[in-house]
Structures are given as structure tokens and as C-alpha cells.
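Examination of the molecular architecture
Chain by chain, the residues run as shown.
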Amino acid sequence: MSPARTAIMRAPRAARTPVVRHHTRVPYRLPDSPPGTTAPDDARVVQVVDRPGIIDLAWGHPDVDLLPVAALRAATAEAFDRYGPDALSYGRDAGPPPLVEAIRDRLAATDARVPTPAEIVVTAGASHALDLAATLLLSPGDAVLVEEPTYHLAVRVLRDHPVDLVSLPFDGGGLRTEAAAETITRLRGAGRRVRMLYTIPTFHNPTGVTLEDGRRRELVALAAEAEVTIVEDDVYRELAYDGTTPPSLWSIGAPGSVVRLGSFSKTIAPGLRLGYLSADTALAARAVASGVIDSGGGIAHVPALAVATYIATGAYPGHVEDLRRLYRARRDALLGGLAEHLPDASWTQPRGGFFTWVTLPGGLDAAALLPAAEARGVSYVPGRRFYATGDGGRSSLRLAFTRYPEADLAEAARRIASAVRDARRG
Ligand SMILES: Cc1ncc(COP(=O)(O)O)c(C=O)c1O
């Protein structure tokens, strides 16, 4: 059995009682603190703070119990044995060829077109790839189009650049492409430069929605015609729960019209900070020639070699299959809990990814409800956080279903429903 499968099976999820999560991460201790004491907050080595008694569906992270610690430890050691000092030297600018080949193999299994090696650049995750794309494509004052709602932290990355964000409408079929065309025409008519459209067409964050096939074709046609580069955030491609993942915009778009952002954060581990972009060869070459790579060498060289070595063991497809099976069951448990406890609300039916998007009944304000929800032991992100420019999403909330076993997810739905019931009575 592969090390990844062993890691997953070691966690006795089904036997756990619901409600309070005690994940298996070892609490960090300062070197000189007495045994048994946990670290003060500023000594934490991770982002997440687990709050006792709260089923926290706010974090869009993988389950820590599913991170392949043993397999990555072994792969890292093997990479050091294999590459010796080359593992610790400045890395090849575009990323190590074994990783580039591994990325191409996975895209051969999950997408409609495989990039050539010259179309791939290894990055420090999708966040860094987005920042790099913005650096290469944008000038001060440009208008950047973003669907609303959208991934709130991508907005943070874009706001690090001196550009204006302009929102595009979104519905159950994804980004509304006709509105995108109208917006580009209107902005250009007003003398604005429009160079980039950022979108998450597949298993969207925060809604879980997947862009319809017809709209995919319309969108890539629009990008080519209007000479706007689509930046396609494709981090959930591997995590399909009902059938296959649709072809990426990158795979169906004209060369040069789409930059795709990929990541190992969702399928191996976010702490690796490892991902890639696929673009046309000219843009990929510009990325490779960028100052940050010229100065520092290939990005995340040690994680890149470790992941390439891990994937070469053959364990990765089975690991992804395990994640898909577990996350599919969790999605179903959460949606089942919503159907049972909160039938007056509406929610999306994600075919993959990490999230569902719930709209509360009676126009309730999700942000105002949050303290009552947390008092009942459940948390979420209010929908407004995902509106970069407008004030939409007032009655909506994002729930991530990846970090808890099924019984906890059903219980989370019950607790939200209890907060909703009391708010509607009051
Ligand atoms: C849509 C989307 N893009 C990017 C990221 C971050 O990716 P990475 O960890 O590779 O920077 C996330 C993580 O939540 C995400 O949901």
C-alpha cells in the first residue's frame, strides 16, 4: 500500500464522535518551554487557529489529517539522496524538469490539452502565479475584471497592484459572459485600458459553481477578440466528485489568450507553497526572465524536487482518488444536513472543490448572524467578504466541507439552522 493511503487510513474518522475537533497536529512548543505547555499565539507555525467547540467551516483548507506527512518526508529524503547538492543550489529557472513532466502527466489525465514544457513555469502556488501574471500583464491604472463573488484573497493579491477592479455578474452557470463583453465595451468607450479578467471557472471559490460549457467557449472567444488575457484560477481541477472536470479555458482558448494557475495546495499540501502557471511560450518565457526568478532561481526548488520525487513513486493518483472519495462524502453530508435542518435556505450543488454557498431565508444578514452561530459552535465566512467592489452577498455564506468528518458537517448544518430559527423568531 502506498504511504499516502496508509496516512489516510491511519485516521479513524468514522469512529470519532461528532462536534469537537481534535486534529492530530502536534502543538508547537518553544524550545525552552516546559513539557505539556502549548505555544503562545505568536509562536504558532500555522495560519489556522482551532477554536475548541467550534466546527469552523470558514477555512478553505485541506484536512490536516489527510496531509501525506510520511510520504513527503520520505520523498524529501529521497530527493536529497538523488540530487545531493543540486537540491540546495539555485534551481532551474522554469522549475525542475521532473516536476514539469509530472505536471504535464497530470494534465494529460485531467484536461483537454497538455502544455509543452516551454508553456509551464513552476511557482510558489497559485497565489504567487497570480501575482506574477499581474506583474507581467498590468500597468498602473488598468481595469481588471473580476467576477463577483470571487476568491477574496485573490482580490488581496490584485490589490497589491495599482489597478482598478471592476466587477462582473455571476449566476448559477458561472460568470455571465455577455455582461463581460458589455463591460469591456463600456470601459473602453470611456478610455480605460482593460487587459485582464480573473476567473475561477471550475469548482469556484466561494460558490462551488462550474462555468457552463457554452459560456466557456464564449468567454475564450471574447478574450481572443477583445485582446483581454483571461487569468484562469484552476486550483480545484483534480477534485471532481461527479464525473470529470471540464476542459480548462487554457486548453480551449487561442494561444496567448489564457494564463492558467495551478496548485499542489489542495491535493498534496499548502505548506509546500508549490504550483505552476501554464501560458503561451512567449508569456512563460517572460515569467522565467522576471527579476524575481533571475535573482533567486527556480521557485520553491526543494519542494519542487520533493513533489516530483513523491509523484514518481506512483502514489499521487491514488492519494487524489482518496481525497475525492472522502471529500465527496463530506460534501454529501453537509448538503444532506442543510436539506434536513435548513430547508428554507438555498445552496449550490458543487460538483467538485471545497465549498458550497448558502443563501439564508428571509433576507437574513449572514454577518449579523455569525456571533449567534459561533455561540452555537459553528462558523463560516459571510458572503459579503467575496464581493470585491459591490456590497452583494449579504444573505449568503460560504461553507468549506473539507476539514471535518461527515457527522460534524451534519451537526454544523443543525447549528446554523438553530441560529437562523432564533434570529427569525427574534
Ligand atoms: C481559488 C483559489 N485560488 C488560489 C488559492 C490559493 O492557492 P495557493 O495555495 O496555491 O496559493 C485558493 C486557496 O484557497 C483558492 O481557493
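Only a predicted model underlies this, so the values are computations on that prediction, with no experimental measurement involved.

Here strand β12 (residues 355-359) lies mainly inside the structure; four of its five residues are buried. Relative to β12, strand β11 (residues 346-347) is paired through two bridges, and the arrangement is antiparallel. Of the residues in β12, the one forming a bridge with Ser346 is Thr359. In terms of strand pairing, β12 meets strand β15 (residues 396-400) through five bridges, oriented antiparallel. Bridging across to β15, Thr356 finds its partner in Leu399.

Before going further, it helps to examine empty space enclosed by the protein. On inspection of all chains with the given rule, the structure shows three cavities of 30 Å³ or more. Residue lining of the largest cavity: 14 residues in total, with Arg106, Leu107, Glu238, Ser263 and Tyr276 positioned closest to the centre. For the lining of the largest cavity, the secondary-structure elements that each account for two or more residues are α3 (97-110) and β9 (258-263). Among the elements that take part in the lining of the largest cavity, α3 stands out by supplying four residues, more than any other. When grouped by side-chain class, the residues that make up the lining of the largest cavity number six nonpolar, three polar and five charged. Roughly 50 Å³ of internal volume is contained in the second largest cavity.

Glancing now at the confidence of the model for the protein chain. Looking at the protein chain as a whole, its pLDDT mean stands at 92, while 90% of the residues score no less than 70. Within the model, the stretch residues 1-26 combines pLDDT values under 50 with 48 contacts to residues more than four positions away or in other chains.

For the rest of this paragraph, the subject is the site of the ligand. As a matter of local geometry, the ligand sits amid 13 residues, with Ser127, Asp233, Tyr236, Ser263 and Lys266 nearest to it. Within the side chain of Ser263, a nitrogen or oxygen atom sits 2.6 Å from an oxygen atom of the ligand. Compared with its free state, where it exposes 400 Å², the ligand has 91% of that area covered by protein. Among the elements that take part in the shell around the ligand, helix α4 (residues 125-137) stands out by supplying three residues, more than any other. Residues of the shell around the ligand, tallied by class, amount to five nonpolar, six polar and two charged.

Here we come to the side chain of Thr356. Structurally, Thr356 can be placed in strand β12. Assessed through its relative accessible area of 0%, Thr356 is described here as buried. Residues in contact with Thr356, not counting those within four places in the same chain, are Pro206, Thr207, Leu334, Leu335, Leu338, Trp347, Thr348, Pro350, Leu397, Arg398, Leu399 and Phe401.

Right, let's get into the packing of aromatic side chains. Under the defined criterion, the tally for this structure stands at eight aromatic pairs. Geometrically, the ring pair formed by Tyr241 and Phe401 is edge-to-face, given 6.3 Å between the ring centres and 65 degrees between the ring planes. Remark: Phe401 occurs in the loop between β15 and α14 (406-425) and Tyr241 occurs in the loop between β8 (229-233) and α8 (249-252); sequence separation between them is 160 residues. Pair check on accessibility: Tyr241 and Phe401 agree, each one buried. Between Phe264 and Tyr316 the ring centres are 6.2 Å apart and the planes differ by 65 degrees, which places this aromatic pair in the edge-to-face class. Pair noted here: Phe264 is in the loop between β9 and β10 (275-278) and Tyr316 is in helix α12 (residues 316-341), with a separation of 52 residues, a long-range link. By relative accessible area, Tyr316 is classed as buried at 2%. Taken together, the aromatic side chains of Tyr236, Tyr327, Phe354 and Phe355 make up a single cluster linked through ring pairs.

So, on to unusual backbone geometry. A cis amide bond, omega 5 degrees, links Glu148 with the succeeding residue Pro149. Mapping Pro149 onto the fold places it in the loop between β3 (143-147) and α5 (152-159). In this structure, Pro206 follows Asn205 across a cis peptide bond, with omega equal to 15 degrees. Take Pro206: it is sitting in the loop between β7 (194-199) and α7 (213-226). At Arg273, a residue that is not glycine, the phi angle is positive and equals roughly 45 degrees. Mapped onto the fold, Arg273 is located in the loop between β9 and β10. Owing to a relative accessible area of 48%, Arg273 belongs among the partly exposed residues under this scheme. Despite not being glycine, Ala300 shows a phi value in the positive range, around 50 degrees. Note that Ala300 resides in the loop between α10 (291-296) and α11 (301-312).

Rules behind the numbers
- Residues numbered from 1 in each chain as written.
- Predicted model: local features only at pLDDT ≥ 70, side-chain atom pairs only at ≥ 80, totals over all residues.
- Heavy atoms only, no water.
- Buried < 20%, exposed > 50% of the residue type's maximum accessible area, 1.4 Å probe, protein only.
- Helix = DSSP H or I, 4+ residues; strand = E, 2+ residues; numbered from the N terminus.
- Pairing = 2+ DSSP bridges.
- 1 Å grid on protein atoms, 1.4 Å probe; cavity = no way out; pocket = protein on both sides within 12 Å on 5 of 7 lines; lining within 4 Å.
- Points joined across faces, edges and corners; volume = space filled by probe spheres on them.
- Nonpolar A, V, L, I, M, F, W, Y, C, P; charged D, E, K, R; others polar.
- pLDDT = per-residue confidence, 0-100.
- Contact = heavy atoms within 4.5 Å.
- Near = heavy atom within 4 Å.
- Polar contact = N/O pair within 3.5 Å; in protein donor to acceptor, adjacent residues only side chain to side chain.
- Areas by Shrake-Rupley, 256 points an atom, 1.4 Å probe, with all protein chains shown as cover.
- Phe/Tyr/Trp six-rings, centres within 6.5 Å; stacked < 30°, edge-to-face > 60°.

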